[in-house]
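Examining the three-dimensional arrangement
Next come the chains, spelled out residue by residue.
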Amino acid sequence: MHLNEKVIVITGGGQGLGRAMALFLAEKGATPVLIDMNSQALEETVRLCHEKGVQARAYIANIADEAAVEEVFGNIVRDLGAIHGLINNAGITRDAMFIKAKDGEVSKRMSLEQWQQVINVNLTGVFLCGREAATKMIEGGNEGVIINISSISRAGNMGQSNYSAAKAGVVALTTTWGKELARYGIRTGAIAPGFIATEMVMSMKPEALDKMAASIPAKRLGEPSEIASAVAFILENDYFTGRVIEVDGGLRL
Ligand code: CAA
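Now for a quick tour of the structure. This is a predicted model, so every value here is computed, not measured. (Residues numbered from 1 in each chain as written. Predicted model: local features only at pLDDT ≥ 70, side-chain atom pairs only at ≥ 80, totals over all residues. Heavy atoms only, no water.)

Time to look at the packing of aromatic side chains. Between two aromatic rings, the relevant description is the distance of the centres plus the angle of the planes. If you walk through the whole model with that rule in mind, you get one aromatic pair. Consider the rings of F233 and F240, whose centres lie 5.9 Å apart with planes at 75°: the pair is edge-to-face. On the basis of relative accessibility, which here comes to 39%, the residue F233 falls in the partly exposed class. (Phe/Tyr/Trp six-rings, centres within 6.5 Å; stacked < 30°, edge-to-face > 60°. Buried < 20%, exposed > 50% of the residue type's maximum accessible area, 1.4 Å probe, protein only.)

This part covers the site of the ligand. Taken together, 21 residues form the shell around the ligand, and within it D95, S151, Q160, Y163 and K205 come nearest. Protein coverage of the free-state accessible area of the ligand, which is 1,000 Å², stands at 69%. Counting residues per element, the ones that place at least two in the shell around the ligand are α6 (199-202) and α7 (206-214). The class makeup of the residues in the shell around the ligand is nine nonpolar, seven polar and five charged. (Near = heavy atom within 4 Å. Areas by Shrake-Rupley, 256 points an atom, 1.4 Å probe, with all protein chains shown as cover. Helix = DSSP H or I, 4+ residues; strand = E, 2+ residues; numbered from the N terminus. Nonpolar A, V, L, I, M, F, W, Y, C, P; charged D, E, K, R; others polar.)

As a packed pair, helix α3 (residues 66-80) and helix α4 (residues 112-140) sit with axes 10 Å apart at the nearest point and diverge in direction by 35°. For the pair α3 and α4, the crossing hand works out as right-handed. Note on element contacts: α4 touches α3 through L128, C129, R131, E132, A133 and K136, opposite E66, V69, E70, F73, G74 and V77. Within the contact of α3 with α4, the residues separate by chemical class into six nonpolar, one polar and five charged. (Axes fitted to C-alpha atoms, helices over the stretch in contact; angles between N-to-C directions. Left-handed = near helix turned anticlockwise from the far one by under 90°. Contact = heavy atoms within 4.5 Å.)

Turning our eyes to something else, we now look at the sheet that holds strand β1 (residues 7-11). Pairing is parallel in the open sheet, where seven strands are placed in the order β3-β2-β1-β4-β7-β8-β9. Looking along the sheet, the strands with just one partner apiece sit at the ends: β3 (57-60) and β9 (243-247). Strand after strand, the sheet turns through a mean of 20° between neighbouring axes, direction not considered. In terms of strand pairing, strand β8 (residues 186-193) meets β9 through five bridges, oriented parallel. Note on β9: the bridge partner recorded for A192 is E246. The strands that α3 touches are β1, β2 (31-36), β3 and β4 (85-88); relative to β3, the one it contacts most, it runs at about 155°. Packed onto the sheet, helix α8 (residues 224-236) meets β1, β4, β7 (144-149), β8 and β9 and runs at close to 160° relative to β8. (Pairing = 2+ DSSP bridges.)

Let's shift gears to the environment of N120. Here N120 is to be found in helix α4. Sequence separation of N120 and I92 is 28 residues, and the distance between their C-alpha atoms is 9.7 Å. The contact partners of N120, leaving out residues within four places of it in the chain, are A64 and G125.

The subject of this paragraph is the nonpolar core. Ranked by internal contacts, the top residues of the largest apolar core, which has 33 residues, are M21, L25, I87, I147 and V231. Those elements that provide at least two residues to this core are β1, α1 (16-27), α2 (39-51), β7 and α8. Considering each element in turn, this core owes the most residues, seven residues, to α8. If near-sequence neighbours (up to four positions away) are discounted, V231 is found in contact with M21, L25, I87, I147, I149 and I191. (Core = buried A, V, L, I, M, F, W, Y, C linked by side-chain atoms within 4.5 Å.)

Shown next as structure tokens:
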């Protein structure tokens, strides 16, 4: 896909990786369409895109809410005519040990709320936005690409039962949709970032972050732009579908 003037929807586009993706794709002439819950962050990303001479659009919606997702994708097609790409990037963490115990006494457990909040946004949100984007691409008769942002944690990471399960799930969705949607000219892809210098990673418990960072073969955290360039690769390479790219500086959990 040539990115010039293509409408690329980015969930969680207000900050972090989503903002970096918007700016990277704007440089290539795409029109970034940002969905986020944080209006201030959205405004700032739109402003930064304008600095690059690109008209980005922003929409506020909760991607875990089916009716809200249907409405916002309807509004995007009404306003911009078509959707050529979706990057399912929005995600949250609610880290907690599955069980914490000492001397046979269980002191803490991951709560159902911590589990459900992450599954709702990071897995159900991906399902809902993916389904809506594919519907609009097919109804509009245009080719498209859906990219799901997974994580190195999909392999299993201490303190992240909820997040790891969701991030493994989105890779399974990527493969399934790659198989199901090829007949409609829709490709898919996933990216599994390692530890990238975003607010999400920087807000980790310092001891946990230091331990993790010390074992990265590349000896540094990744840069958001390094994930954005993987996004551009998947969008632009017409033979890529159904697979996951790991961008983690060589780290294996
Ligand atoms: N490796 C080795 N040991 C670990 C560990 C790890 N990654 N995480 C926790 N532990 C150990 C702790 O050292 C501790 O061991 P001791 O009892 O022997 O001291 C034990 O497990 C319990 O851990 P805590 O004392 O930290 O437990 P807590 O209840 O205070 O906090 C927690 C739990 C919030 C999960 C905290 O351990 C934590 O923040 N861990 C890091 C989780 C993580 O990696 N998050 C990634 C966020 S960034 C992201 O998600 C982006 C992405 O895509 C990668």
